[in-house]
Each structure stands twice: as structure tokens, then as C-alpha cells.
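# Topology and contacts: notes
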Amino acid sequence: MLHIKNLHARVGDKEILKGLTLDINPGEVHAIMGPNGTGKSTLASIIAGKADYEVTAGEIIFHGKNILEMSADERAREGIFLAFQYPVEIPGVSTTNFMKAALNAKRKHQGLEPISAKDFLKLMNEKRQIVELDKSYLSRSINEGFSGGEKKRNEIFQMAMLEPLFSVMDETDSGLDIDALRIVAEGVNKLRDKDNAFLVITHYQRLLNYIVPDFVHVMYDGRIVKTGDKNLALRMEEKGYDWIKEEVGA
Amino acid sequence: MAFTDNIDNTFAALEKDVLTPEREAALASFKALGVPSGRHEEWKYTNIKTKLPESLRLDDGRRTTDDSQRKFNSFKNIEGTKLVFVNGSYAPALSAIAAQDGVVAGSLRALRSQHADLIAKHFNKATDTTSENFAALNTAFAQDGAFIYIKRNVKAAQPVFIIHLYDAAAADVFTQSRNLIIAEEGAEINIVEDFQNAAGEKFYNHLAEIFVAANAEVNYVTLQLDNKHTTSVNTIDARVDQDARYHITTLTFEGKLVRNNVNAYMDGKGALATLNGLYLCTANNHIDSHILVDHRVPHCDSNQVYKGVLDGESTGVFNGKIFVRKDAQKTNAFQSSKAILLSDEASVNSKPQLEIYADDVKCSHGAAIGQINKNELFYLLARGIDEATARGILTYAYGSSIIADLPLEALRDHLYDRLKERLNITF
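Every chain is numbered independently, its residues counted from 1 as its sequence is written. For this description, chains carry letters from A and ligands carry numbers from 1, given in the order in which they are written. Local features in this predicted model are restricted to residues whose pLDDT is 70 or higher, and side-chain atom pairs enter the listing and the counts only when it is 80 or higher, whereas totals over whole chains, interfaces and linings include all residues. Each side-chain value is worked out from all heavy atoms of the structure, with water and hydrogens disregarded.

Residues and elements named next belong to chain B. The salt bridge criterion pairs a side-chain nitrogen of Lys or Arg with a carboxyl oxygen of Asp or Glu, the two atoms within 4 Å. Under the criterion given, the structure shown has 46 salt bridges over all chains. Residues E217 and R245 are paired through a salt bridge, measuring 3.2 Å at the closest nitrogen-oxygen approach. Taken together, the residues E217 in strand 9 (residues 217-226) and R245 in strand 11 (residues 245-252) connect sequence positions 28 residues apart. Between buried and exposed lies partly exposed: a residue is buried under 20% and exposed over 50% of the maximum accessible area for its type, with that area taken using a 1.4 Å probe on protein chains only. Its relative accessible area of 22% is what places E217 among the partly exposed residues. We note a salt bridge from R239 to D267, for which the minimum N-O separation is 2.7 Å. On the criterion of sequence distance, the pair formed by R239 in strand 10 (residues 230-240) and D267 in the loop between strand 12 (257-266) and strand 13 (272-281) is long-range, its members being 28 residues apart. With a relative accessible area of 24%, D267 lands in the partly exposed category. In the salt-bridge network here, residues are joined through shared partners; they are R239, D267, D294, R296 and R325. The helix and strand labels rest on DSSP assignments: H or I over at least four residues marks a helix, E over at least two residues marks a strand, and numbering proceeds from the N terminus.

Here's what the structure looks like:
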């Protein structure tokens, strides 16, 4: 589904990704762990199409298309979703209106008519329950005055609404208490199926108790340096990141 | 040929009435003042001199469209009185008066005899014809406009709409129209004034005088939404008496050249004025908001929030004056002027001007000029919304807060829809 080959990227003169390769197939959940400043969030941003980075080599192929040639909005309409580490507050636009615009943009891309008001309401009602998001949040301005947990639940709600094929979750667990973490993780688990895939970026193993990954990758200094199953995450938690640094000779 | 060449002949041809002496004085004043050039301090950034018609031609009743054929946005889904004017002249066939006890609403020309004393007492008492060029011109030549009179302690249950239409036959007419609004002690009313010029180049010089007596409340909304080909000066002068509340909001979505003079004179202790505005400017258009709040007495509050959105090669001006006179202790005056520039070629001149002569006051002002927030934009793009729409949505988010404070839910909904239409977004 998503194939990242030898990806190099930088911001200004600083090289951040130094030859990252990763293959993700439908139905799989991959986790990327690693110390701070190793390029995890950069990878998420580059997949989603944020303009601040310059890709100097490599490619990202999604369903046979090189997405590096697409704008961020085209990628999203093709089925790529980024759950933001820091969801943005936008006063003046309700989540309802935001989702209506986003869903209809996707439908238009698929050659479908805009969704009817009735069907849209029904869909919102159904999807918000996945993350136990109260109805009142949907008519409020996007993320305005939301707690950290509410913002992350809103991200997963948007994921549920847009039904992406491939979702990147950028440190979705950061700043969440255990209840919010559980709700978010259970929400994601409800959305997993054989046709979609997830890339879960996290600093801690905690989230992976709830969203159980098929593969765990350890990222260090702009590359994936180790890959294993869910037990690798437990080992990371237990031993910290220092042994990885030693192993790769840093 | 100069604009002022035929001015005496035009004046001589006007009907004489009780206001003629006021008009003669205003004519003399205008002849002395002339049309302001760029050397005039208050017109430094707005070059109107070369944009006006070559001669002063008033509405002479020429019409290409029969009133019954006229299409306009009538606010038909909102209850209330509708006063419609075509080129500044009252159009009874298009108007609808909702009878309300204690509220008189109609044509100033038609009602001037019936309410002669009241009109004489107020006409020209809120505006400044000695130094304001266009106020002088308007006072000399305006023949008609809205007259709204709300009697003591009457809370008007329904709003009054003043709708100005401009006929295509009158491309050379420089419409002069004039409102007089009198809210007596304890009276309350919502007034919405809309200028609709769907097609063809038009010129107008409009002036509204608003008297808000003690403990009265007037909420006045000026709409310039269908204004693409219009060159206009619109002056709104209010006198706000003790404990009265006056709210004026100006929404300008288009305009070839727009100059809005919004002046509030705080005459009585404990008065409140809010002066808000949203303007959207495109192409090589120009929108100038000149705001004045004159705190003359103690214990008054004023709040101003202006927001601009400038695209293309358009230019904007915000000039916000706050005077706090020596006696106006315990004044609270607040001003915020913001603008976002959507293109590299658009520009805005923002000039806050606070002149404070009292020592026990709270006054603040803030001005900010910026761009669309990149993180917000990326958030929308990442959900599949194309860039033009995303920018429209963020502009909507920025501007719609000015609408959120308006009275009448049906009006707000109408204006939200118009703003979306203007920004080419749907949801």
C-alpha cells in the first residue's frame, strides 16, 4: 500500500531523514518508536505533505503513485490521513462545517454528489460515538478550548468520518491521561480492517498496549535501525534507547 | 469640466422647503471646501477627486426598469419594515411598512411636513457641514432618505430595513441620500441599511444622522455587499446621550472606491458605543474606514473592532480616532484594527489616532496586519480541502466574528450565507 524508499529530507541545511525505507501493506499496523529529535514527526509531516521540508532523495509510493508530486490536499483525498500531534484551534469554523467541507471534497474527488444534510448528520452521530465525543463539540469551533484529550478524540473522529486508507498518528498519546488514551486507542481499533493501514508514531510503549502493532520499528538519526514485533516495544520500554545508540555505533 | 461647475444651477432647481436655509448654508460651505484632494490630511490615502462624475447630476426620475420588474434582495425571510429607495428616492411600490405602535418609518421627503418641528430640531445637528466636504454636499442636495422615529420607551419588536437600489439608467447620477433616525428616551430599535448595486457604475454620497436619547438603544447595521462598481461616501453620524447604547456595524464586501465615515459623539454620561466593521477588498479596489469616537463627557465606554481582508492589488485604509476631552474622566475606550493580506500586492494603511486630554481614563488600541496562518491552512489541506477553499474557510473564520455579534438570528444567518458566497465556499 505505502512504500517509502530511501527517503532523504532536510529543513534548511539540516538533514533530518537519511535514507528511510518502510513498506506497509493493507491490514497492517506499524509502530515507529525512537528518541526525540530522530525524525519521527518529520516523517509524518512529509507523508502528509507539509511544505516546510525538502525531500532530497527517495520516493513515497502510495497505491502506485508517487505522492511526493501531490499537494497535501490531493494526498488526503487519495486516502492519506494525519492525526496531528498538536491539532490546531480554528475559531469561527465549527467541526461540523469543517467535516462537511472535507467529506464533500473527498466525494467530489470520487465523482460523488455532496452528501445530503440528513445523511451527514446520521454519519456524524454514528462516528462521534466511536470516540465518545459529545454532540456539543461538533457545533463548537474546531478544537477551540478543547482539552488535550478532546483534541485527540476529535482527530480520531475526523479519521472515522473520512475513512482513510492509510493513517499516520503522530504521537497521538502525548499528553493523554489513561482514560483518554483508552478511548482514543479503542476508537482506532474499531476503525481497523483488512483494507486500511496505520502508522503509529510514539515515544512510549504505553499506547501499544492498546493498539497492538504488527511491526515495531526503531528510528534513530533519520533511519529505521531495527524492526521487530510488538515485543520489541516492550524491550525498548525496559532498556531505554541507549542500547540502540550503542548498537548502531552512535 | 469640473464637478462643481453647474452646482448653483442644480441647487436653484431644487424644491424649496423648511430645510432650505440649512441647505443654503451647506452649499456655501461645500463651495468653500470643494472636493478633497490627496493634500487633504483626511484624504491622504483616498484619491476620490478623479473618481467622481464630471458634473453633479441628481436623480431626475429616469428609470430603465419598472419597479415591478426590479429584482433585489428584499430580506423577505426576515420580518420588519422595508423602506426601499431607488437612486435615493423613496419607492413606495417596493416598500412595506409593518405597523408598529410608537414607530414612524418612511420617506424623509414625504414626512417632512407632518414632523416638521421634530425634523427641524434634529436635521443637521449630528453632522459637521463646516469641515466635512461630503456632509456639506449631502446636506445641500439630498432630497430624500429614511426617516425613522421611535417614541419614548417604545421597544420596536421588528427591525426596519432601509434598502437602496441604483437604477442602470442613472450611471451619471451622483445620488445624494439622507437618513434621519430619532430614538427618544428609553426607545429601542434595530435598523439594517443595505446598499445594493448589482450592475453598472454608480456614485453615491449618503449620510445618516442618528440620535440616541437617554437610555435608548439603537443597533444599526450597514451592508455594502453588492457594491462592486460603486464609488461611494457613506457618513454615519450619531449622538449618544446619557446611558444610551449605540451599536454600528459596517460590512463591506465589495466596492470600487468606498469611504465610510463613522462618527459617534458621546454626549451623555454612561453612554456606550460599539463600532465594528468587516471589509473585504479585491482587484484594484479601495476601502477606507474613517472612524471617530468623541468622548465629551465622563463615564462613557466605546469599543471598536475592525477587520479587513485584502486580496489582489487592493488597498485599505483604517483611520481610527478617539478623542477624550478634558472633562471626559473615567472613559473606557478600546480599539482594535486588524487586516489580513491574501496577496503580496495588497496593502493597508492603518492609523490609530488617540488624543487624550483627561487623566483618569482607560484607553487602548491595537493594530495587526498579517497573513493566513500557515498551520491552520495545513490542517485544512491535510483533510483534503483544496487550497482556495481552505483560504476561503479561514477568511470566513476570521471575518464571521463580526457577524456573530449582530442582532436578529435571521439576519446573522443571511449574512453568514452571503459571506460564504463572497468567499466561494459552501458548507
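A few words now on the interface of chain B and chain A. The criterion used for residue contact is that any of the two residues' heavy atoms lie within 4.5 Å. Taken residue by residue, the interface counts 19 residues in chain B and 31 residues in chain A. Simply put, the buried area is the total loss of 1.4 Å probe accessible area from both parts when two parts are fitted together. Carbon and sulfur atoms supply 70% of the area that chain B and chain A bury against each other, a total of about 2,000 Å² over both sides. It is F378, Y379 and R383 of chain B in chain B that bury the most area against chain A; as a group they hold 40% of the surface buried on that side. At the junction of chain B and chain A, the tally comes to 2 salt bridges. Note that K374 of chain B and D52 of chain A form a salt bridge whose closest N and O atoms lie 4.0 Å from each other. Side-chain atoms alone can form a polar contact between residues adjacent in sequence; in general such a contact is a pair of N or O atoms within 3.5 Å, and within protein one must be able to donate a hydrogen while the other accepts it. Applying the counting criterion to the chain B and chain A interface returns 7 residue pairs in polar contact (both at pLDDT 80 or more). For the side of chain B that touches chain A, the secondary structure elements donating two or more residues are helix 6 (374-381) and helix 7 (387-404) of chain B. In terms of residues, the side of chain B that touches chain A owes the most to one element, helix 6 of chain B, which gives 7 residues. Polarity classes work like this: nonpolar for Ala, Val, Leu, Ile, Met, Phe, Trp, Tyr, Cys and Pro, charged for Asp, Glu, Lys and Arg, and polar for all others, with Gly in that last group. Residues belonging to the side of chain B that touches chain A are distributed by class as follows: 11 nonpolar, 3 polar and 5 charged.

This part is about the sheet that holds strand 12 (residues 223-228) of chain A. Residues and elements named next belong to chain A. Reading across from one edge, 6-9-10-3-11-12 is the order of the 6 strands in this open sheet, with mixed pairing throughout. Two strands in the sheet have a free side with no partner beyond their single neighbour: strand 6 (80-83) and strand 12. Ignoring which end each strand starts from, the neighbouring axes of this sheet average 20° apart. Strands were regarded as paired on the criterion that DSSP finds at least two bridges between them. Relative to strand 12, strand 11 (residues 215-220) runs antiparallel, the two being bridged by 5 bridges. Within the sheet, the bridge partner assigned to V218 lies in strand 12 and is K226. Orientation is described by lines fitted to C-alpha atoms, with helices fitted over the stretch in contact, and by angles between N-to-C directions that extend from 0 to 180 degrees.

The next point concerns the sheet that holds strand 12 of chain B. Residue and element names in this part refer to chain B. Across the sheet, which stays open at both edges, the 9 strands sit in the order 3-4-6-8-10-12-14-16-18 with mixed pairing between neighbours. Each end of this open sheet is capped by a strand with a single partner; those strands are strand 3 (103-107) and strand 18 (347-356). Mean inter-strand twist for the sheet, computed between neighbouring axes without regard to direction, equals 5°. Where strand 4 (residues 146-150) and strand 6 (residues 174-183) come together, 4 bridges link them in parallel fashion. Bridging from a neighbouring strand, I150 pairs with A183 of strand 6. Across the sheet, helix 5 (residues 133-141) lies against strand 6, strand 8 (202-212) and strand 10, angled at about 90° from strand 6, the strand it touches most.

Pairing of aromatic rings covers Phe, Tyr and the six-membered ring of Trp, with a centre-to-centre limit of 6.5 Å; geometry is then stacked below 30 degrees between planes, edge-to-face above 60, and tilted otherwise. Inspection of the entire model under this criterion finds 14 aromatic pairs over all chains. Their ring planes at 50° and their centres at 5.4 Å tell us that W43 of chain B and F134 of chain B sit as a pair that is tilted. Linking W43 of chain B in the loop between helix 2 (20-33) and strand 1 (81-86) with F134 of chain B in helix 5, this pair joins segments that are 91 residues apart in sequence. Within the aromatic cluster, the residues linked to one another by ring pairs are F84 and F98 of chain A together with F378 and Y379 of chain B. We call a charge positioned above a ring when the Lys NZ or Arg CZ atom is no farther than 6 Å from the ring centre and deviates by at most 35 degrees from the ring normal. The ring of W243 of chain A is capped by K239 of chain A, whose NZ or CZ atom sits 4.8 Å from the centre of that ring.

Moving on: the packing of helix 2 of chain B against helix 5 of chain B. All names here are of chain B. Taken N-terminus to C-terminus, the directions of helix 2 and helix 5 make an angle of 145°; their axes are 7 Å apart at the nearest point. The chirality of how helix 2 crosses helix 5 is left-handed. Across from E22, R23, A26, L27, S29, F30 and L33 in helix 2, the residues of helix 5 making contact are N133, A136, L137, T139, A140 and F141. The residue inventory of the contact of helix 2 with helix 5, partitioned by class, reads 8 nonpolar, 3 polar and 2 charged. It is the rotation of the near helix from the far one that decides the hand of a crossing: anticlockwise by less than a right angle makes it left-handed, clockwise makes it right-handed.

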